[in-house]
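Results of the structural survey
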Amino acid sequence: MNSKSILFHFLTEMLPKSRNQLENKILPYIMLKDAISSSRELVERILPKNTTPSLRVGLREIESVLEQNIVKAEENLPIVGYHFSLPAEYLFCFECVPICIESLSFILAALLLDGVEKYYDIMLNWGHPFHTCSSQRATLGFSLDDLIKFDAIITPTAPCDNTCASYPFFLYKKKIPLVIMDLPYTHSEKSYEFFASQLKNGLKKLGKILGQEPDFDRMKKHIEIENRVSQIKLEIFDLIRAIPSPIDNLYNAISAATTILLSGTRENITFYSKIKNMAKKRYVNGDHYGKEETIRSIWPYMLTFFDISLCEWLDRELGLSILFDIFNYSFSDPIDTENGLDNMFFDMAKKTMNFPMTKQSTELYYPFIEDCVKMAKDYSADCFIYTSSIACKQFGSVPKLLREALREEVGIPMLLIELDVGDARVTSIDAIKNKISMFTQTLL
Ligand code: SF4
């Protein structure tokens, strides 16, 4: 029995009976929480103590926040779906259960026995195009099958056309109130001012749908928590300059999940503080997790969410470090919470427009290529590994230009892997491992 089979057994046998009444409303979210709990138990009880350190820390904190949200859902608070590109701490201005649409698709893809392929196919059969983003497609399928019932959904028009084209499904097919906030492409003072008013109006609109007045004082406290989290993340990012890298590869996958699911919570501070302490200890001792670090890689786009064990395999089998992926190298200044609502919303707009994936998708590719070249130098990268998905059309032309820039300006190569990060059937994990293994042989 492999780890996914054990997990499937846990899920089917152990779904708590007291949650039955909620199953019709948020079944995939309950499954997500149970999948996280089962994975934590597997990691803590079965795997040797010195393995998967970031996973151990992260699963516990994620489990705690998901459990709190399920309790809120049991108290009949409204279920609010949000796109991951909206920093979730903003939703603390409401008494609600915030559920990230994309996290259901991708984290369940990582943890369930057959991923969420059934729901990708349900949507394809319904007529949703095959080249749409799998991060939304499974949740669209859950919604089509009435497994999840959102009371409202809120999203910026970011980071891509896929998002803009997929979300109206919820409004037109499922009649779920949908709040869309228009996010500009250009990054300028004027754009931030415009998007600040979109954010404020969007939250007010959502409040009308929920029958609640947004409590911006409460939101402020959660924004301040995230200001602290950003500071800790920056310190971790700085430690990654060290050779060997003091983080384990799985940190990147777990950090992507906590960025989306734990924003604005104390659990997020706990997670990053523990990771920082762990990384600092390794840095001081010159330690590295897994096999000796032989290759340092930057993944400017995404990891393979359908099988995150690849991260561990790269650490242990190849000694290849993933220094960071797209969810772990975009930062913004702390949000000013002291000088009135207008300043706060301006900074909130700036943060949203510089959020991972939104920043890269809206600035188009010149700043992205410049950032990559700079990061390659600053972090002593030996190579880039670029995962290219048919869904991310705005990035279809970038790999060739990036490869040339890295070769000419840094003298390092880039491996391009075409895949769907949420669907194991497009490029299998074995094919991905083979590609990376062969690529690394050209580097050593
Ligand atoms: S940018 Fe790509 S991965 Fe991100 S939401 Fe859009 S299609 Fe999906």
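Structure: above.
Glancing now at the overall build of the chain. On a plain count of helices and strands, the chain comes out with 18 helices and eight strands. Expressed along its principal axes, the backbone C-alpha trace of the chain runs to roughly 60 × 55 × 45 Å. Taken across its 444 residues, the chain has 61% of its residues classed as buried. A sequence separation of at least 24 residues applies to 77% of the contacts in the chain between residues at least 6 apart. Total accessible area on the chain is roughly 18,100 Å²; 53% of this is exposed by carbon and sulfur atoms.

Okay, helix α10 (residues 216-239) next. Its 24 residues place the ends of α10 35 Å apart at the C-alpha level, agreeing with the 34 Å of an ideal helix rising 1.5 Å per residue. Capping the start of α10, Asp215 holds a side-chain oxygen 3.1 Å from the backbone nitrogen of Asp217, two or three residues further along.

With that settled, the discussion passes to the site of the ligand. In the region of the ligand, the neighbouring residues are Cys133, Ser135, Pro159, Cys160, Asn162, Thr163, Tyr301, Met302, Met357, Ala391, Cys392 and Gln394. For the shell around the ligand, a count of residues per class yields eight nonpolar, four polar and no charged.

This next bit is on helix α4 (residues 101-111). Within α4, 11 of the 11 residues are buried, leaving the element largely enclosed by the surrounding structure. Those residues of α4 not exposed but buried are Ile101, Glu102, Ser103, Leu104, Ser105, Phe106, Ile107, Leu108, Ala109, Ala110 and Leu111.

Moving on, we come to the pattern of salt bridges. Between side chains of opposite charge, pairing is possible as soon as their charged atoms come close. Overall, the coordinates contain 23 salt bridges when judged by the stated rule. Across the pair Glu404 and Lys400 runs a salt bridge whose closest N-O atoms are separated by 3.0 Å. Highlighted residues: Glu404 and Lys400, both in helix α17 (residues 398-409), separated by four residues, approximately one helical turn. Note on Glu404: relative accessible area 28%, which makes it partly exposed. Lys400 sits in the exposed class, given a relative accessible area of 59%. A single network of salt bridges, built from pairs that share partners, joins Arg40, Glu44, Arg60 and Glu63.

Looking now at the packing of helix α9 (residues 189-210) against helix α14 (residues 340-353). The N-to-C vectors of α9 and α14 enclose an angle of 105°; their axes lie 8 Å apart at closest approach. As summarised for this structure, α9 and α14 are arranged roughly perpendicular, according to the angle between their axes. Along its contact with α9, which presents Glu189, Ser191, Tyr192, Glu193, Phe195, Ala196, Leu199, Lys200 and Leu203, the element α14 presents Asp342, Phe345, Phe346, Met348, Ala349, Lys350, Thr352 and Met353. Residues that form the contact of α9 with α14 fall into these classes: 10 nonpolar, two polar and five charged.

Here we have four strands laid out as an open sheet, ordered β6-β5-β7-β8, and parallel in their pairing. Two strands close off the open sheet at either side, each with one partner strand: β6 (320-322) and β8 (414-418). Neighbouring strand axes in the sheet, compared pairwise and without regard to direction, differ in orientation by 30° on average. Two elements, strand β5 (residues 295-298) and strand β7 (residues 383-388), share two bridges in a ladder whose sense is parallel. Bridged to Ile298 within β7 is Phe384. Across the sheet, α17 is in contact with β7 and β8; its angle to β8 comes to roughly 165°.

About the thresholds
- Counting starts from 1 at the beginning of each chain's written sequence and moves along it residue by residue.
- Where local features are concerned, this predicted model is filtered to residues with pLDDT of at least 70; where side-chain atom pairs are given and counted, the filter is 80 or more; whole-chain, interface and lining totals use all residues.
- With hydrogens and water stripped out, all remaining heavy atoms of the structure feed into the side-chain values.
- Numbering of helices and strands runs from the N terminus, with a helix taken as a DSSP run of H or I at least four residues long and a strand as a DSSP run of E at least two residues long.
- Think of it in three bands: with a 1.4 Å probe and only protein chains considered, a residue is buried below 20% of the maximum accessible area for its type, exposed above 50%, and partly exposed in between.
- Should any heavy atoms of two residues lie within 4.5 Å, those residues are counted as being in contact.
- Here the open area of atoms and residues is found with the Shrake-Rupley method and a 1.4 Å probe, where only the protein chains shown may cover a residue.
- Expected helix span is computed as 1.5 Å times (number of residues minus one).
- In protein, a polar contact requires one atom able to donate a hydrogen and another able to accept it; more generally it is a pair of N or O atoms within 3.5 Å, and residues adjacent in sequence count only if both atoms are side-chain atoms.
- Distances are taken per atom, and a residue is near a molecule or strand as soon as one of its heavy atoms is within 4 Å of it.
- Residues are grouped as follows: Ala, Val, Leu, Ile, Met, Phe, Trp, Tyr, Cys and Pro are nonpolar; Asp, Glu, Lys and Arg are charged; all remaining types, including Gly, are polar.
- Basic side-chain nitrogens of Lys or Arg form a salt bridge, by our definition, when they fall within 4 Å of a carboxyl oxygen of Asp or Glu.
- Geometry is summarised by axes, namely lines fitted to C-alpha atoms with helices restricted to the contacting stretch, and by angles between N-to-C directions that run from 0 to 180 degrees.
- In this scheme, roughly parallel covers angles under 35 degrees and roughly antiparallel covers those over 145, while 65 to 115 is roughly perpendicular and the rest are oblique.
- When DSSP finds two or more bridges between two strands, those strands count as paired.

Coordinates in, geometry out; function isn't part of it.
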